[in-house]
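Okay, here's what each chain looks like letter by letter:
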Amino acid sequence: MMMTMRDENEAAPDEKLFVEMGKFVEELSAAGILVATGGLDPDGMLMTVKDGELTVTDGPYAEAKETVGGFALVDVRSKDELEEIARRFFAITGGGVSRVHQVFG
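Cut-off values and rules
Residues numbered from 1 in each chain as written. Predicted model: local features only at pLDDT ≥ 70, side-chain atom pairs only at ≥ 80, totals over all residues. Heavy atoms only, no water. Pairing = 2+ DSSP bridges. Helix = DSSP H or I, 4+ residues; strand = E, 2+ residues; numbered from the N terminus. Axes fitted to C-alpha atoms, helices over the stretch in contact; angles between N-to-C directions. Phe/Tyr/Trp six-rings, centres within 6.5 Å; stacked < 30°, edge-to-face > 60°. Buried < 20%, exposed > 50% of the residue type's maximum accessible area, 1.4 Å probe, protein only. Salt bridge = Lys/Arg side-chain N within 4 Å of Asp/Glu carboxyl O. Parallel < 35°, antiparallel > 145°, perpendicular 65-115°, else oblique. Left-handed = near helix turned anticlockwise from the far one by under 90°. Contact = heavy atoms within 4.5 Å.

1. Thoughts on the sheet that holds strand β6 (residues 97–100)
- What the four strands build is an open sheet, ordered β2-β5-β1-β6; its pairing is antiparallel. Because the sheet does not close on itself, it has two edges, and the strands there are β2 (34–39) and β6. Each neighbouring strand pair of the sheet contributes to a mean axis angle of 25°, computed without reference to strand direction.
- As paired elements, strand β1 (residues 2–7) and strand β5 (residues 66–74) share six bridges and run antiparallel to each other. When the sheet's bridge partners are listed, Met 3 is paired in β5 with Phe 71.

Put into structure tokens, the structure is as follows:
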């Protein structure tokens, strides 16, 4: 799972980025690489359990400088393939940060 980090001071994406990203998403979907993708609510909520008691805190969080802005669940055969997808993604966005975690299932 690739999670794109979004800085709170980052400008909103422009129309050209949406068009290029749409083409990229269509290509990866047609190839069977992209399993799911989506944007995420920047505010979110925090859930914690302590001594069996669930506490829910609605965001945004003053201490958070960046949030997960979106995700892509990709089905790749190697780290090299993942890195190539990331290179192409960042060529469209102009840079940024993504966190990547393997999904076990």
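2. Description of the packing of aromatic side chains
- According to the stated counting rule, one finds one aromatic pair in the structure shown.
- Between Phe 89 and Phe 90, the ring centres sit 5.3 Å apart and the planes meet at 75°, which makes this aromatic pair edge-to-face.
- Residue classification places Phe 90 among the partly exposed positions, given a relative accessible area of 22%.

3. Here's the deal with the pairing of β1
- Alignment of β1 against β6, held across four bridges, turns out to be antiparallel. Bridge assignment links Met 5 to a residue of β6, and that residue is Val 97.

4. Regarding the pattern of salt bridges
- As enumerated under the stated definition, the model contains five salt bridges in all.
- Here Glu 27 ties to Arg 88 by a salt bridge, and the two come within 2.7 Å at their closest N and O atoms. Note that Glu 27 is positioned in helix α1 (residues 15–30) and Arg 88 in helix α2 (residues 79–93), a separation of 61 residues in sequence.
- The class for Arg 88 is partly exposed, based on a relative accessible area of 29%.
- With a closest N to O distance of 3.6 Å, Arg 87 and Glu 84 form a salt bridge. With Arg 87 and Glu 84 both in helix α2 and three residues apart, the pair spans about one turn of that helix.
- Take Glu 84: its relative accessible area is 40%, and that puts it in the partly exposed class.

5. Topic: the packing of α1 against α2
- Look at α1 against α2: their axes get within 9 Å of each other, and the N-to-C directions meet at 160°. It follows that α1 is roughly antiparallel to α2 by the angle criterion. Two packed elements cross with a definite hand, and for α1 against α2 that hand is right-handed. Residues Leu 17, Glu 20, Met 21, Phe 24, Glu 27 and Leu 28 of α1 form the contact with α2, whose participating residues are Ile 85, Arg 88, Phe 89, Ile 92 and Thr 93.

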